[in-house]
Amino acid sequence: MISEIRIQNFKSIRDLALKPGRVTVLIGENGSGKSNILEAIAFAAGAAANKLDNEFLANRGIRVAEDTWMRSAFPEDEADPKKKPVEYIRLAVKGTDLEPVFDCRVHAKKRRSDGSFNGWAVSAPVWKKEVDEAFEKAAFVEEIAKALEDLKSQQPEILSKQSDAAKTPEARTEVEQTLRRMLAASKLGTRKREQLGENAGILGLADFMIYAPENTTLRTPPPESAIQPLGTKGEGLIKLLQSFTDPKFSEQLLAMKENLRLFGWFDDFLAPDEAVTVQARLQIRDRWLAPDRAFFDQRSANEGFLYLLFYFALLMSKRTPRFFALDNVDTALNPKLCSMLMKQIFELAKLNGKQVICTTHNPAILDGLNINDDEQRLYTVQRDTEGHTVVNRVQPPKPQEGKPPMKLSAAFLAGHIGGLPDHF
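1. With respect to the overall build of the protein chain
Next up, step 1: When you go through the protein chain residue by residue, the secondary structure sums to 14 helices and 14 strands.
Next up, step 2: Dimensions along the principal axes, computed over C-alpha positions, put the protein chain at roughly 95 × 60 × 45 Å.
Next up, step 3: At a minimum sequence separation of 6, the contacts of the protein chain that also span at least 24 residues come to 64%.
Next up, step 4: Summed over all atoms, the accessible surface of the protein chain reaches about 21900 Å², with 50% contributed by carbon and sulfur.
Next up, step 5: Of the side-chain charges in the protein chain, 58 are positive and 58 negative, and the distance between the mean point of each set is 0 Å.

Quick look at the structure:
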């Protein structure tokens, strides 16, 4: 499971570290940067696959903009070199225990002759400590020595210029040592770059997507999703539900139906046979309707029901990502249902080995969280005095003597935990 996410120089984010739980909820005013955090993670997944074209990013749920707007655009601070803008985006992800670290830098390539954008380049940073540790291995020292000899024979002018500037044997030795370390850093960087995809896969980052289902897409049998099995807007839901009709998934199907009984009218649903691909329709049964008219399809279904059906299929399927985001998870839901959904999301994520980040503006969602449980975390997202997106983890409210514990929804609306506008 992912334990820490570091984002630098992406959209409204200058430098941010997020430590997610199994389920993490982000709250904050509009424009605070909640979606930017999710998009940075999806951008890292694209970098891992070396697929950062606009189509791929859009299919991951990213609002694609011109390259200059994908990087932060804060003014230079001459008084503090650390605050000077950099040209690259850095995305680092850590796992728990002995899992590898994913760490990459993404920068725009040199523009084409006509000034147009030429795509993104991905690299892996190499630290001094890593070079030092590599030189402790005899095989690596020999490898670099050979690389230096090759450089001398292939590009002798490089060494001759350096040697001309070095007047003493000691200075020439220092020049060669500098070249060795440069070659070492280059080789280590190449190796680390090649490992990004593997590390992302181990961490569960590789398939990260931002899901924001839409009512129209859920109601209308859509075309195949560009990314299988589910698209970010709900494409492919019916086909995914068809896979649950396999007898080996009968327990998951029964559990899904039980969860859907959060709707008092719901009795059952039937997915179309997997052989049906054109105009595939669900059969949804309302327990209060006459037997001959009890079934209707997704076109007539309640909007909130379709959203929950999507969430439960996403959380329960073995084919969906291990790590993903639900943007505006409260859409179309009754406040009390929001609280129950949040509880169900955590239980299903834990049961099915998923890790989820949710954004919301609905206080009722917070009442479904138990932030005394370290696997359930709540963060407020806001812009600091310089406009940078920052996060703060919300701790459980302290009980007041003689009074019942304050609900998180009440604490949020009262302004006790942040995440609300404070300028009006």
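Next comes the rest of the description.
2. So, the pairing of strand 2 (residues 13-18)
Next up, step 1: Bridge count between strand 1 (residues 2-10) and strand 2: five bridges; the pairing is antiparallel. Bridging across to strand 2, Ile 5 finds its partner in Leu 18.
Next up, step 2: Between strand 1 and the antiparallel strand that follows it, strand 2, lie two residues; Lys 11 among them carries a positive phi value of about 50 degrees.

3. Examining the environment of Asp 273
Next up, step 1: Among the structural elements, Asp 273 can be located in the loop between strand 8 (266-270) and strand 9 (283-286).
Next up, step 2: By relative accessible area, which is 54% here, Asp 273 ends up exposed.
Next up, step 3: Sequence separation between Asp 273 and Lys 239 is 34 residues, and the spatial gap between their C-alpha atoms is 9.4 Å.

4. Here we look at the environment of Lys 318
Next up, step 1: Within the element layout of this structure, Lys 318 appears in the loop between helix 11 (303-316) and strand 11 (323-326).
Next up, step 2: Assessed through its relative accessible area of 68%, Lys 318 is described here as exposed.

Definitions and limits used
- Residues numbered from 1 in each chain as written.
- Predicted model: local features only at pLDDT ≥ 70, side-chain atom pairs only at ≥ 80, totals over all residues.
- Heavy atoms only, no water.
- Helix = DSSP H or I, 4+ residues; strand = E, 2+ residues; numbered from the N terminus.
- Contact = heavy atoms within 4.5 Å.
- Areas by Shrake-Rupley, 256 points an atom, 1.4 Å probe, with all protein chains shown as cover.
- Lys, Arg positive; Asp, Glu negative; His and termini not counted.
- Charge placed at Lys NZ, Arg CZ, Asp CG, Glu CD.
- Pairing = 2+ DSSP bridges.
- Buried < 20%, exposed > 50% of the residue type's maximum accessible area, 1.4 Å probe, protein only.

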